[in-house]
Amino acid sequence: QEQLQSLKSKVTSFFSWCLICLSDMDAGVRETVWRGWGGRADRGDRLALSVSLCPQAFTVLSDLLLVFGPQLPRDGREALAPLVLQPDADLQSQMAAFLMDHVFYDTGGQEELSGTGMSLPCVPGVAAGMSVPPPHTHTVLAEDTERHIVDLDQRRVFLAGFCKLIIYNVLELSAASDIFKHYVKFYSDYGDIIKETLDCTRKMDLQAWARTLLLSLKQLMTELLLQEGPKIRNTKRFQEIQDLARRFSLLFSFHQLQNRRVLLNLHKEGIEFAFQDPSSREMGVPPLNLTFLEVLSEFSPRLLQPDKA
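Only a predicted model underlies this, so the values are computations on that prediction, with no experimental measurement involved.

What counts, and at which threshold
Residues numbered from 1 in each chain as written. Predicted model: local features only at pLDDT ≥ 70, side-chain atom pairs only at ≥ 80, totals over all residues. Heavy atoms only, no water. Helix = DSSP H or I, 4+ residues; strand = E, 2+ residues; numbered from the N terminus. Buried < 20%, exposed > 50% of the residue type's maximum accessible area, 1.4 Å probe, protein only. Contact = heavy atoms within 4.5 Å. Areas by Shrake-Rupley, 256 points an atom, 1.4 Å probe, with all protein chains shown as cover. pLDDT = per-residue confidence, 0-100. Phe/Tyr/Trp six-rings, centres within 6.5 Å; stacked < 30°, edge-to-face > 60°. Lys NZ or Arg CZ within 6 Å of the ring centre and 35° of its normal. Expected span 1.5 Å × (residues − 1). Arc of directions from axis to C-beta. Salt bridge = Lys/Arg side-chain N within 4 Å of Asp/Glu carboxyl O. Axes fitted to C-alpha atoms, helices over the stretch in contact; angles between N-to-C directions. Parallel < 35°, antiparallel > 145°, perpendicular 65-115°, else oblique. Left-handed = near helix turned anticlockwise from the far one by under 90°. Disulfide = S-S within 2.5 Å. Polar contact = N/O pair within 3.5 Å; in protein donor to acceptor, adjacent residues only side chain to side chain. Core = buried A, V, L, I, M, F, W, Y, C linked by side-chain atoms within 4.5 Å. Domains from an automatic or database assignment. Lys, Arg positive; Asp, Glu negative; His and termini not counted.

Moving on to the overall build of the protein chain. Check the secondary structure of the protein chain and you find 13 helices and 0 strands. Counting from the amino terminus, the protein chain carries its helices and strands in the arrangement α-α-α-α-α-α-α-α-α-α-α-α-α. Across the 309 residues that make up the protein chain, the buried fraction comes to 38%. Counting only contacts in the protein chain whose residues sit at least 6 apart along the sequence, the fraction spanning at least 24 positions is 70%. Just so you have it, the protein chain exposes about 17,900 Å², and 55% of that area is on carbon and sulfur atoms.

Okay, the confidence of the model for the protein chain next. Per-residue pLDDT for the protein chain has a mean of 82; in total, 77% of the residues score no lower than 70. Scored below 50 in pLDDT, residues 26-51 shows 19 contacts in the model against residues more than four places distant or in partner chains. Contacts of residues 109-132 to residues separated by more than four positions or lying in other chains number 28 contacts, the stretch itself having pLDDT below 50.

Ring pairs (aromatic) are described by centroid distance and by the angle formed between their planes. This model, assessed by the stated rule, comprises 10 aromatic pairs. For the pair Phe-98 and Phe-158, a centre-to-centre distance of 5.1 Å together with 85 degrees between the ring planes defines the contact as edge-to-face. Within this pair, whereas Phe-98 is found in helix α4 (residues 89-102), its partner Phe-158 is found in helix α6 (residues 137-167), the two being separated by 60 residues in sequence. For the pair formed by Phe-98 and Phe-158, the shared burial category is buried. Pairing Phe-273 with Phe-292 gives two aromatic rings, centres 4.9 Å apart and planes at 80 degrees, and the pair type is edge-to-face. You can see Phe-273 sitting in helix α11 (residues 256-274) and its partner Phe-292 sitting in helix α13 (residues 292-296), a full 19 residues away along the chain. A relative accessible area of 6% means that Phe-273 is categorised as buried. Over the aromatic face of Phe-252 sits the side chain of Arg-202, whose NZ or CZ is 6.0 Å from the ring centroid.

Here the focus is α4. In this model α4 runs 20 Å from its N-terminal to its C-terminal C-alpha over 14 residues, within 8% of the 20 Å that 1.5 Å per residue would give. Turning to α4, its buried residues are Leu-91, Gln-92, Met-95, Ala-96, Phe-98 and Leu-99. Buried residues of α4, seen end-on, are gathered within an arc of 150 degrees and therefore sit on one face of the element. Turned more than 90 degrees away from the buried face of α4, the exposed residues are Ala-89 and Asp-101.

With that settled, the discussion passes to the pattern of salt bridges. On inspection of all chains with the given rule, the structure shows 9 salt bridges. Residues Arg-246 and Asp-243 are paired through a salt bridge, measuring 2.7 Å at the closest nitrogen-oxygen approach. With Arg-246 and Asp-243 both in helix α10 (residues 236-249), this residue pair falls 3 residues apart, about one helical turn. Note that Arg-260 and Asp-307 form a salt bridge whose closest N and O atoms lie 2.8 Å from each other. Highlighted residues: Arg-260 in helix α11 and Asp-307 in the segment after α13, separated in sequence by 47 residues. Given the relative accessible area of 18%, Asp-307 is considered buried.

Look at helix α1 (residues 2-22) against α4: their axes get within 11 Å of each other, and the N-to-C directions meet at 45 degrees. Our classification of the angle between α1 and α4 gives oblique. Regarding α1 and α4, the two cross each other, and that crossing is left-handed. Of the residues in α4, those touching α1 at Phe-15, Leu-19 and Leu-22 are Leu-91, Gln-94, Met-95 and Phe-98.

Glancing now at the state of the cysteines. Two cysteines form a disulfide when their sulfur atoms are joined by a covalent bond. Considering all chains together, one arrives at 0 disulfides under this definition. Unpaired in this structure, Cys-163 has its nearest cysteine sulfur neighbour in Cys-200, at a distance of 9.4 Å.

With that out of the way, let us pick up the side chain of Asn-259. Considering the arrangement of structural elements, one finds Asn-259 in helix α11. The class of Asn-259 is buried, set by a relative accessible area of 0%. Engagement of the side chain of Asn-259 in a polar contact is seen with the backbone oxygen of Phe-254, the distance being 2.7 Å. The contact partners of Asn-259, leaving out residues within four places of it in the chain, are Arg-202, Leu-206, Phe-252 and Phe-254.

Core analysis: the biggest nonpolar cluster contains 71 residues, and Ile-179 and Trp-209 have the highest contact counts within it. Sorting elements by how many residues they give to this core places helix α9 (residues 206-228) first, with 11 residues. If you count residues domain by domain, this core takes at least three from each of domain 1 (1-103 + 151-171) and domain 2 (176-308).

Within the element layout of this structure, Asp-189 appears in helix α8 (residues 187-204). Despite its burial, Asp-189 pairs with no opposite charge, the nearest such side chain being Arg-155 at 4.1 Å. Filtering out sequence-adjacent residues up to four positions away, Asp-189 remains in contact with Leu-152, Arg-155 and Arg-156.

Right, dumping it as structure tokens:
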């Protein structure tokens, strides 16, 4: 029992330090790092050092929460129950914010590889007329490509770590909405990881899974309305939300009888979201979320004929 308490104290302390490092852009942590360098580093080194703690903290936290998760006291290990780490809503939000900053961001694609301003290599018959690049151009492009691959691999590790926390019930299933809403936009980079997470979480709780899909769409819709206002129907981002809903609807293509109740509840909650603005009635204007019905209509073909009446 004494050893258990000692281990719990160490785990809790280490966990707390990781939480601090996860938000290491905090002024106190940045000041500590800066003083550690004796104030001699230039601004670039100072910032690079301060933000480097955050990715490491995220990786360690993901592993800690998985090892000391709710499955720890099972299979005859009931005595280890005091060691279980319970992530709160604030930690979940911080981890989701980390994914937005370090995983789900636009890397620039081809522009990033040609960011030096030099011409790409001339290929006879394909890029006729382009000038021959300096000898070092190939080396620069190779280094940029290699760096991009390494960065992508690291981002995939971050995402996989977060997904495992959901699959193993460490985080609530609703946390997956922060991943699912990027399914189409980042399909080329993370499509396999997100698809596997979709498949695993569907088997956990079909009703909660469908509600999480809907939550992803509602979050994107709310973000778009806040940024663009009510006139969003013809925007590219609204079309992207519709595309995501269409992709989600394909997940209901089979087992129609099994999905019947789930689809009905999904439509019900989606309609409630579309008409949830009470002030619109008083002002005599359409509800702000009304265009969400067009997103919801992507699921309608999956309804059984009697339910469409």
